[in-house]
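Coordinates in review
Here is how the chains run, residue by residue.
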Amino acid sequence: MNTEEIMNLDKKYVMQTYGRYPLALKEGKGALVTDVEGKVYIDCFAGIAVNNVGHCHPKVVEAICNQSKKLIHTSNLYYTEPQVELAKLLADISVHEKSFFCNSGAEANEGAIKLARKFTGKGEIIAMENSFHGRTLAMITATGQHKYKKGFEPLPEGFKHVNYGDIDAVAENITDNTAAVLVEPIQGEGGVIVPPEGYLEDLKKLCQQEDVLLIFDEVQTGFGRTGEMFASQLFGVTPDITTVAKALGGGFPIGAVLANEEVGNAFEPGNHAATFGGNPLACTAAIAAINALVNESMLIKVKEIGGYLKYKLEEQAKLYGIVEEIRGFGMMLGMELSINCSEIAAEAREQGVLINCTADRVLRFLPPFVIDKGQIDTVTCVLESILQKLS
Ligand SMILES: *Cc1c(COP(=O)(O)O)cnc(C)c1O
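Residues numbered from 1 in each chain as written. Predicted model: local features only at pLDDT ≥ 70, side-chain atom pairs only at ≥ 80, totals over all residues. Heavy atoms only, no water.

This next bit is on the environment of Val14. By secondary structure assignment, the location of Val14 is in the loop between helix H1 (3-13) and strand E1 (25-29). A relative accessible area of 35% places Val14 in the partly exposed class. Sequence-distant contacts of Val14, that is, excluding residues within four places in its chain, are made with Leu9 and Arg20. (Helix = DSSP H or I, 4+ residues; strand = E, 2+ residues; numbered from the N terminus. Buried < 20%, exposed > 50% of the residue type's maximum accessible area, 1.4 Å probe, protein only. Contact = heavy atoms within 4.5 Å.)

Structure representation (structure tokens):
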């Protein structure tokens, strides 16, 4: 099928929930993807921070192929080796001891809220304005952006919102019934918003003082995206619960709620479940993806090549007045413009570079970690030609 045929079938048979780009992808390798017309693109978005280890990483492919011949699914009525192996690996690379496995970021956040309520016996959750936590009913409620909630009321109770970065507002909103504070250490979809100096540290102190759990939504920032395995390490802050998904499975759908032992033990048999959660195929893919991150020293590349990309973007910011700010860590970078950026992303796509425009005016860069300097040069060259025309 060509692009047009695929688009026509999508229009007829798929619910039109996505504002898709007119692009049908067929193959991916490393930092490159190819569309059905045979055109090759440098991917600077990695399936929204999912393909961290690159498209079709050979070890992930091999793991999925081998496991799929042995056992694909069992349900959680039985034990499997890949699930316990992955749980142990997550305990090794994170500050947490216990995992609950699910299938997506929203589902991980739902699990985290249930766990926090079960552990504390309290109901209220404090979340942030401009946040993003997923699309289930409770998670559009937790998300601090009106556009995701409109038309889907009534929404569940128990969520309050305060401005991200305002520690006093959190303190003022904590009550005797507050279970947890839910925060993205770096807001992703909201425009790559980095926390003010000391904010997450203060948040941790406040939560400890007030006996409130601190939940980090690391669905986007997790697994090396910021140059550390988890963004919490950038700030030296240990949350009580961390939610992960996106990059965990190297492209295969899987999510998890991670918690310290005491909190994790609040869940008892029957409290929470997911039919597909932690199934052997997903866990095998995740083990291979994490091992690739670690064994191929990818975090060093994230810092090095991500730093190079940030430097090149900063150079452009000096040259072109429409660039207001460059933000972010590692390979999670945002270029805030004074104008809407969707046309820029479209023009870059024409020229063979996939980037994303979020929060209207922020170009978001989330490349696979295997991207090389030459590819970064091509990306910034394409971007520069577009910025030049607009300035
Ligand atoms: C993408 C994202 C989610 C939602 O993940 P899904 O897998 O789409 O449910 C939640 N939180 C953050 C920070 C995200 O970036």
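Picking up after the structure, the text goes on.
The domain architecture assigned to the protein chain consists of domain 1 (58-295) and domain 2 (299-364). Inter-centroid distance (C-alpha atoms) of domain 1 to domain 2 is 26 Å. Taken together, the contacts link 20 residues of domain 1 with 15 residues of domain 2. Both faces combined, the contact of domain 1 with domain 2 buries some 1,400 Å², and carbon together with sulfur accounts for 66% of it. Area buried by domain 1 at its contact with domain 2 is led by Val192, Arg225 and Gly227, which between them contribute 36% of it. Counting the contacts that link domain 1 with domain 2 gives 1 salt bridge. A salt bridge links Lys303 to Glu228; its shortest N-O distance comes to 3.7 Å. Summed over the shared surface of domain 1 and domain 2, the number is 6 residue pairs in polar contact (both at pLDDT 80 or more). Considering only residue class, the side of domain 1 that touches domain 2 consists of 8 nonpolar, 9 polar and 3 charged. (Domains from an automatic or database assignment. Buried area = accessible area lost by both parts, 1.4 Å probe. Salt bridge = Lys/Arg side-chain N within 4 Å of Asp/Glu carboxyl O. Polar contact = N/O pair within 3.5 Å; in protein donor to acceptor, adjacent residues only side chain to side chain. Nonpolar A, V, L, I, M, F, W, Y, C, P; charged D, E, K, R; others polar.)

Before going further, it helps to examine the sheet that holds strand E13 (residues 353-354). Pairing in this open sheet of 4 strands is mixed, and the strands run E1-E2-E3-E13 from one edge to the other. The outermost strands of the open sheet, each flanked by one partner alone, are E1 and E13. When strand E2 (residues 32-35) meets strand E3 (residues 40-43), the two strands line up antiparallel, connected through 3 bridges. What sits directly across from Val33, in E3, is Tyr41. Most of the contacts of helix H14 (residues 373-390) go to E3, to which it runs at about 95°, and overall it touches E2, E3 and E13. (Pairing = 2+ DSSP bridges. Axes fitted to C-alpha atoms, helices over the stretch in contact; angles between N-to-C directions.)

What follows covers the packing of helix H3 (residues 58-70) against helix H11 (residues 280-295). Between H3 and H11, whose axes approach to 8 Å, the crossing angle comes to 155°. Overall, the two elements H3 and H11 adopt an arrangement that is roughly antiparallel. Viewed along their axes, H3 and H11 form a crossing whose handedness is right-handed. For the pair H3 and H11, contact is made by Lys59, Val60, Ala63, Ile64, Gln67 and Ser68 and by Pro280, Leu281, Thr284, Ala285, Ala288 and Ala289, respectively. Class assignment for the residues of the contact of H3 with H11 results in 8 nonpolar, 3 polar and 1 charged. (Parallel < 35°, antiparallel > 145°, perpendicular 65-115°, else oblique. Left-handed = near helix turned anticlockwise from the far one by under 90°.)

Attention now moves to the pattern of salt bridges. For the structure shown, the criterion picks out 13 salt bridges. Between Asp377 and Lys312 there is a salt bridge, with its nearest N and O atoms 2.9 Å apart. Here Lys312 lies in helix H12 (residues 298-319) and Asp377 lies in helix H14, a separation of 65 residues in the sequence. By relative accessible area, Lys312 is classed as partly exposed at 21%. Across the pair Arg327 and Glu336 runs a salt bridge whose closest N-O atoms are separated by 2.7 Å. When sorted by exposure, Arg327 lands in the same class as Glu336, which is buried.

Inspection of the entire model under this criterion finds 5 aromatic pairs. Aromatic side chains Phe132 and Tyr148 sit 5.3 Å apart centroid to centroid with 65° between the ring planes, which places their arrangement in the edge-to-face category. Remark: Tyr148 occurs in the loop between helix H6 (137-142) and strand E6 (159-162) and Phe132 occurs in the loop between strand E5 (124-128) and H6; sequence separation between them is 16 residues. When its relative accessible area of 19% is taken as the criterion, Phe132 is described as buried. (Phe/Tyr/Trp six-rings, centres within 6.5 Å; stacked < 30°, edge-to-face > 60°.)

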